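# Breakdown of the fold
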Amino acid sequence: MLYLVLEIDGECYGLNALSVTEVTPLVELEQIHEGPEFLAGLLNYRGRPVPVLDLRRMIKKKPCEKRYCTRIVIVEYPRTTKTLTLGLMAQKVVRSVRVTQEFSPMELRNAPYLGGAVVERGRILHCLTLEKILSPQQALEVFG
Amino acid sequence: MRVASSNWERKQKESQGYAIKNFLVDRSMSILVLGTLLTVFLLTTATREMTDQIVRDGALRQAQALVQTFQSMAFSSKPSSLQIQNMVSKVEQDLKGEGQGVRLITMPANPFERRDAQGSGPLDDFQRKALRQLNEGKVPSFCGLSEYKGEVSFRYAVLLSGPEESPGVDLLLEVVQPLGSVRADIKRQIYSGAGILLGLGGLGLWFLGAVFGRLKNLRDHRAASESILQEQVQQLLSFVSRAADGDLTSDVPFQGEDSVGMLASGLSVMINQLGELVWQSQLLSRQVVSSLSEFASSALRQESIVLEQSHRSSTLAKAAVTILDSSLSVESTMESMTVVAEYTATIAASGQAGLETMEWTMTQVTQSVERIQQRLTELNDRAGNIGGVVTTITRVADQTNLLSLNASIEAEKAGDYGLGFGVVAEEISRLADQTAVASLDIEEMVNEMQNAVAAGVESMKQLAEDVGMGVLHVQTAADQLTLIMYEVQQMVPKFEEVATEIRSQSLLADDMNETIQDLEGVARSSVDAIRESNHAINELKCLAMLMQGEVERFKVHQ
Amino acid sequence: MTTPGDKNCWRKIGVWGLESPRCELLELHLHCRNCAVFRNAGREQYNREIEIDYLKRRTEELAQPPKQVDKGRKESLMVFEAGARLALPCELFKEVMKSSPIYKVPHFKHPAFLGLVAHNGRLRLCCSLPVILGLDRQRESDFGFMVILEIQGELIVFPVSKLEGIRRYQASAIKPSLTSEREGLFSFSRGLLENNDVHLIDENKVLTSIKGALRPI
């Protein structure tokens, strides 16, 4: 399986390439002042407003820096009956990796989005579970 | 007859004794005459040289006085040529009585023209020499001994400025005093002294001759006289023989009215008179001896003076030679110094030329440095521009990377159909990374280049400063060298001046040396002459003493 | 002493350097571009801070809605130049490669047959499309690229002077050529594109022509 590698402060998080719609470069986002902290803003994605999550903010409690390699991964977030387009902003998205072995299963209460880990080329790659990237409360904050 | 014969024999014997005496008297007379003549001759010769000296001094003084008079006459106001001519003729008239002469030679006023000028008629050696010395202007006047009109003359020359109406003319005034005329005066004096001496000697001789003539007559008469008279005659003979022996003090043994008595009395008178004469002769000869001694001693003094003079003149000659040598050596030193100074000037000139070239080069270097700085700045700007290109490359690499990501995702979605496309996507990703590395490399190279350029600019700035300082130093050095060169160039003519002066001095010393050598020669000949005269005087003294001895032999009443 | 991973190691001990001492990782990767050190160094470049104006430009670009695509049947054609502007369906193209040496076959002379070309370890026939189409002779200086076409299972190499790119055309955009023309280029033309400037070639006719030319006499 091909995983898109999202690096946040040297840590690698893998996202299944099949769940990725597109990777876009970093652009200016429309700020939502009343929104939750982890929401970086709204992206004008080809004429459609897409909420963008700041993964660094969510994981490291620090906003992403504005760099060339900072990219927004457009995904289809599954929500009960339908999928919703969501942007995931990560500090460094420059490579994809093909993972052949199984992820060792992992279940963390504080980080439910981590679906396991695997060692790839000497580095640990965490598997991001897209469905659990937002806690129900967070999902409620974003999508209502 | 026997007696007569014995008497005759005695008479013969006596007459023989008289003959011997006569012979002695004759010889002493001739010696006296010869001695006197010799004395006169030697005195004349000796005095001749001495007189020259005296003449020279006297003539010099006289000539100087004359020239002074002339000068004071001539220069009290600028005279016309007619006035000058009048003055000359007046001076000539004044001098004519003393056997002197004045010559006035017209000369060009310019010393350089004068050098070859013949003036009013051909110049003789003395005039040429005088003119040469006077031309240099080193001596106010020139004097010396020289032949003039076949006579050794003392000559004195001065240069006078010419008459008012012809400014381009100078006058060479020459006073000539022939030594002969002066010498004649002194000679005359000496000759008169010698005449007196000769007269005295002659008188003495005449007396002696008369006495001995009378004695001879008596001897002739005695042969025919009476035997009676023989005793008387014997007595008289003894008296006479005593007198002949020189004792003129004894009285006549008898006196009488007869012929023998009269003879005796006459003889007595004669002996007395002779005694008186001899006494006077003795006195005279003593006087002669003493005066000769005096003369000899004064001659000796003179010899010593002349010797001293000769010594002094030889010392002077040595000094003159030393001066000549030293002036020659100074001259050669000056010449070499001139050469050195000229060489220095040449070197300084070439040094200055070198410095000018260096200065020019330095200026070129400064300009080059400025150009290089400009180029470096341009290079720096270009490098900065490359920075912009690097950004573009980075953007391209980033977009390529993004494209490769999306491509790989699409390929994954396409499943098995997308496998090949996935490989392409991976290649694109690789290319993107290579591009990024290229941009990194370029950036670093640009940074290195910019650093190098900055260092270059800095070192160029330093170089420019150094070169500026260099230019300043070179300019200072060039200025100093110019100054040195100017001074050396100023020095060279001075050296030449000094050299010329020394050359003229050496010429002067040369002339001086010559003159001193002349003087020395004269002194030496004076010494010789004085020695000769001394010798003659001594001989004369000896003769005089001999004569005195002879005369003193006679005993006379005081 | 430079070790792998040092700054600019590829320019010092790598293939762009003196290789003295040679980087030990080269034994494994053969070339620096295959090395993780090199790639990471490249990827580090993406860490550069983004310029605001560039960010704004990209924002605008991303905000553009996608162009409406036609729903009708489309044909992907490769447009290229070989004596004239020609087009062939994309699926015929097996590969595009740089011009390679052509090995002449002795005692076999036909103007359409140029020789043999090595491709992936196999020798392929190399034919001149302009000659087949009755156009001018091709000059070797015009051999910019070589395209390998698969026509009825046969792989044939054609030198072309220029590749314009892949174009998608609605079927309606292709105008049929005049069938009355039996001579030259038009006899091979399936249709005309872009104001009758580009000929869509019938690949089967080309193959027939080649086979005719190669038939032993």
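The rules behind the values
- Residues numbered from 1 in each chain as written.
- Chains lettered and ligands numbered in written order.
- Predicted model: local features only at pLDDT ≥ 70, side-chain atom pairs only at ≥ 80, totals over all residues.
- Heavy atoms only, no water.
- Helix = DSSP H or I, 4+ residues; strand = E, 2+ residues; numbered from the N terminus.
- Buried < 20%, exposed > 50% of the residue type's maximum accessible area, 1.4 Å probe, protein only.
- Contact = heavy atoms within 4.5 Å.
- Areas by Shrake-Rupley, 256 points an atom, 1.4 Å probe, with all protein chains shown as cover.
- Pairing = 2+ DSSP bridges.
- Axes fitted to C-alpha atoms, helices over the stretch in contact; angles between N-to-C directions.
- Buried area = accessible area lost by both parts, 1.4 Å probe.
- Salt bridge = Lys/Arg side-chain N within 4 Å of Asp/Glu carboxyl O.
- Nonpolar A, V, L, I, M, F, W, Y, C, P; charged D, E, K, R; others polar.
- Polar contact = N/O pair within 3.5 Å; in protein donor to acceptor, adjacent residues only side chain to side chain.
- Phe/Tyr/Trp six-rings, centres within 6.5 Å; stacked < 30°, edge-to-face > 60°.
- Lys NZ or Arg CZ within 6 Å of the ring centre and 35° of its normal.
- Patch = residues over 30% accessible without salt bridge, like charges linked within 9 Å, V, L, I, M, F, W, Y side chains within 5 Å.
- pLDDT = per-residue confidence, 0-100.
- Left-handed = near helix turned anticlockwise from the far one by under 90°.
- Disulfide = S-S within 2.5 Å.
- Parallel < 35°, antiparallel > 145°, perpendicular 65-115°, else oblique.
- Core = buried A, V, L, I, M, F, W, Y, C linked by side-chain atoms within 4.5 Å.

### Regarding the overall build of chain A
Helix and strand counts for chain A come out as two helices and 10 strands. Each helix and strand of chain A, ordered N terminal to C terminal, gives the series β-β-β-β-β-α-β-β-β-β-β-α. The 144 residues of chain A split such that 55% are buried. Put simply, 55% of the contacts in chain A that link residues at least 6 apart link residues at least 24 apart. About 7000 Å² of surface is accessible on chain A, with carbon and sulfur atoms providing 50% of the total.

### Brief notes about the sheet that holds strand β3 (residues 20-25) of chain A
All names here are of chain A. One open sheet holds the five strands; their spatial order is β3-β6-β7-β5-β4, and the pairing between them is mixed. Sheet topology places β3 and β4 (39-45) at the edges, where each strand pairs with a single neighbour. Sheet twist, expressed as the average angle between the axes of neighbouring strands with direction ignored, equals 35°. Across the face of the sheet, helix α2 (residues 136-143) comes into contact with β4, β5 (48-54), β6 (71-79) and β7 (82-90) while running at roughly 105° to β6.

### Regarding the interface of chain A and chain B
Each side of the interface is counted separately: chain A has 19 residues, and chain B has 12 residues. By the criterion of area lost to chain B, the three top residues of chain A are A:Leu18, A:Tyr68 and A:Arg71, representing 38% of everything that side buries. For the pair chain A and chain B, the number of links is two salt bridges. In this structure, B:Asp398 engages A:Arg71 in a salt bridge whose closest nitrogen and oxygen atoms are separated by 2.7 Å. Among the secondary structure elements, those contributing two or more residues to the side of chain A that touches chain B are β1 (2-8), β3 and β8 (92-98) of chain A. Considering every element that reaches the side of chain A that touches chain B, the biggest residue donor is β3(A), with six residues. Of the residues belonging to the side of chain A that touches chain B, the class tally is 12 nonpolar, three polar and four charged.

### Here's the deal with the interface of chain C and chain B
Counting residues at the interface gives 19 residues for chain C, matched by 22 residues for chain B. Buried surface at the junction of chain C and chain B, summed over both partners, amounts to about 1900 Å²; 44% is from carbon and sulfur atoms. In terms of surface lost to chain B, no three residues of chain C exceed C:Arg39, C:Gln45 and C:Tyr46, which account for 33% of the buried area on that side. Counting the contacts that link chain C with chain B gives eight salt bridges. With its nearest N and O atoms 3.5 Å apart, the salt bridge here joins B:Glu444 to C:Arg11. At the junction of chain C with chain B, the criterion picks out 15 residue pairs in polar contact (both at pLDDT 80 or more). Ranked by residue count, the leading element in the side of chain C that touches chain B is helix α3 (residues 36-44) of chain C, at five residues. Grouping the amino acids of the side of chain C that touches chain B by side-chain chemistry returns five nonpolar, four polar and 10 charged.

### Side note on the packing of aromatic side chains
The tally for this structure, following the rule as stated, stands at seven aromatic pairs over all chains. Consider the rings of A:Tyr77 and A:Phe143, whose centres lie 5.6 Å apart with planes at 15°: the pair is stacked. Residue A:Tyr77 is located in strand β6, and its partner A:Phe143 is located in helix α2; the two are separated by 66 residues in the primary sequence. Its relative accessible area of 4% is what places A:Tyr77 among the buried residues. Aromatic rings pair up to connect C:Trp10, C:Trp16 and C:Phe38 into one cluster. Of note, B:Arg395 hangs over the ring of C:Tyr54, and the distance from its end group to the ring centre comes to 4.2 Å.

### What about a nonpolar patch on the surface?
Together, B:Leu203, B:Trp206 and B:Phe207 give the surface a local cluster of nonpolar side chains, amounting to about 330 Å² of exposed area. Locating B:Phe207 in the fold gives a position in helix α5 (residues 179-222).

### Here we look at the confidence of the model for chain B
All names here are of chain B. Scored by pLDDT, chain B comes out at a mean of 73, with 68% of its residues at no less than 70. Model confidence for chain B, summarised as mean pLDDT per element, is weakest for helix α3 (residues 111-114) at 58 and strongest for helix α8 (residues 419-552) at 80. Within the model, the stretch residues 1-5 combines pLDDT values under 50 with five contacts to residues more than four positions away or in other chains.

### What to know about the packing of helix α4 (residues 125-136) of chain B against α8(B)
Residues and elements named next belong to chain B. At their nearest, the axes of α4 and α8 sit 11 Å apart, and the two run at 145° to each other. For α4 against α8, the interelement crossing comes out left-handed. Touching Lys129, Arg132, Gln133 and Glu136 of α4 are Ser504, Leu508, Asp511 and Glu514, all from α8. Its residues placed into classes, the contact of α4 with α8 shows one nonpolar, two polar and five charged.

### A few points about the pairing of β7(A)
All names here are of chain A. Most of β7 is tucked away: seven of the nine residues are buried. Examined bridge by bridge, β5 and β7 share three bridges and lie parallel to one another. Within β7, the position partnered with Val52 by the bridge is Gly87. Pairing of β6 with β7 involves nine bridges; the strand directions are antiparallel. Paired with Val75 across the strands is Leu86, a residue of β7. Here β6 hands over to β7 after two residues, with Thr80 in that stretch at a positive phi of 25°.

### Considering the pattern of salt bridges
Residues and elements named next belong to chain A. Enumeration according to the criterion identifies 30 salt bridges over all chains in this entry. Across the salt bridge formed by Glu7 and Arg123, the nearest N and O atoms sit 3.9 Å from each other. Here the residue Glu7 occupies a position in strand β1, and Arg123 occupies one in strand β10 (residues 123-128), the gap between them amounting to 116 residues. For Glu7, a relative accessible area of 9% puts it in the buried group. We classify Arg123 as partly exposed; its relative accessible area is 34%.

### Considering the state of the cysteines
Residue and element names in this part refer to chain C. Inspection of the entire model under this criterion finds zero disulfides over all chains. Cysteine Cys9 remains unbridged, with the sulfur of Cys23 as its closest cysteine sulfur at 5.9 Å. What makes Cys9 buried here is its relative accessible area of 8%.

### Thoughts on the side chain of B:Ser429
One can find B:Ser429 in helix α8. Take B:Ser429: its relative accessible area is 6%, and that puts it in the buried class. Reaching out from B:Ser429, the side chain makes a polar contact with the side chain of C:Arg39 at a distance of 3.0 Å. Filtering out sequence-adjacent residues up to four positions away, B:Ser429 remains in contact with B:Asn401, B:Ser404, C:Arg39 and C:Arg43.

### Description of the packing of α8(B) against α3(C)
Think of two packed helices as two axes; the pair is described by the angle between the axes and how far apart they sit. Packing of α8(B) against α3(C) brings their axes to within 7 Å, and their N-to-C directions diverge by 70°. Between α8(B) and α3(C), the crossing angle belongs to the class labelled roughly perpendicular. Contacts from B:Glu426, B:Ser429, B:Arg430, B:Asp433, B:Gln434, B:Ala436, B:Val437 and B:Leu440 in α8(B) reach C:Phe38, C:Arg39, C:Ala41, C:Gly42 and C:Arg43 in α3(C). Split into classes, the residues belonging to the contact of α8(B) with α3(C) amount to five nonpolar, three polar and five charged.

### Describing the nonpolar core
A:Leu53, A:Leu88, A:Ile133 and A:Leu134 are the most contacted members of the largest nonpolar core, which has 34 residues in total. Those elements that provide at least two residues to this core are β1, β2 (11-16), β3, α1 (55-60), β6, β7 and α2 of chain A together with α7 (259-413) of chain B. Ranked by residue count, the leading element in this core is β1(A), at four residues. Counting 28 residues, the second largest nonpolar core, distinct from the first, contains C:Leu92, C:Phe93, C:Phe113 and C:Ile156.

### Remarks on the confidence of the model for chain A
Confidence in the prediction of chain A, expressed as mean pLDDT, is 90, and 100% of residues score 70 or more. When the elements of chain A are averaged for pLDDT, α2(A) gives the smallest value, 85, and β3(A) the largest, 94.

### Side note on the sheet that holds strand β2 (residues 85-89) of chain C
Strands pair in a sheet through their backbones, by hydrogen bonds, and they do so in one of two ways: parallel or antiparallel. All names here are of chain C. Strand order in the open sheet formed by five strands is β8-β1-β2-β10-β9, with mixed pairing between adjacent strands. Two strands in the sheet have a free side with no partner beyond their single neighbour: β8 (162-170) and β9 (189-193). Going across the sheet, the axis of each strand differs from the next one's by a mean of 30°, ignoring polarity. Inspection of the sheet shows β2 paired to strand β10 (residues 198-201) by two bridges, in the parallel sense. Across the sheet, the residue bridging to Leu86 is His199, located in β10.

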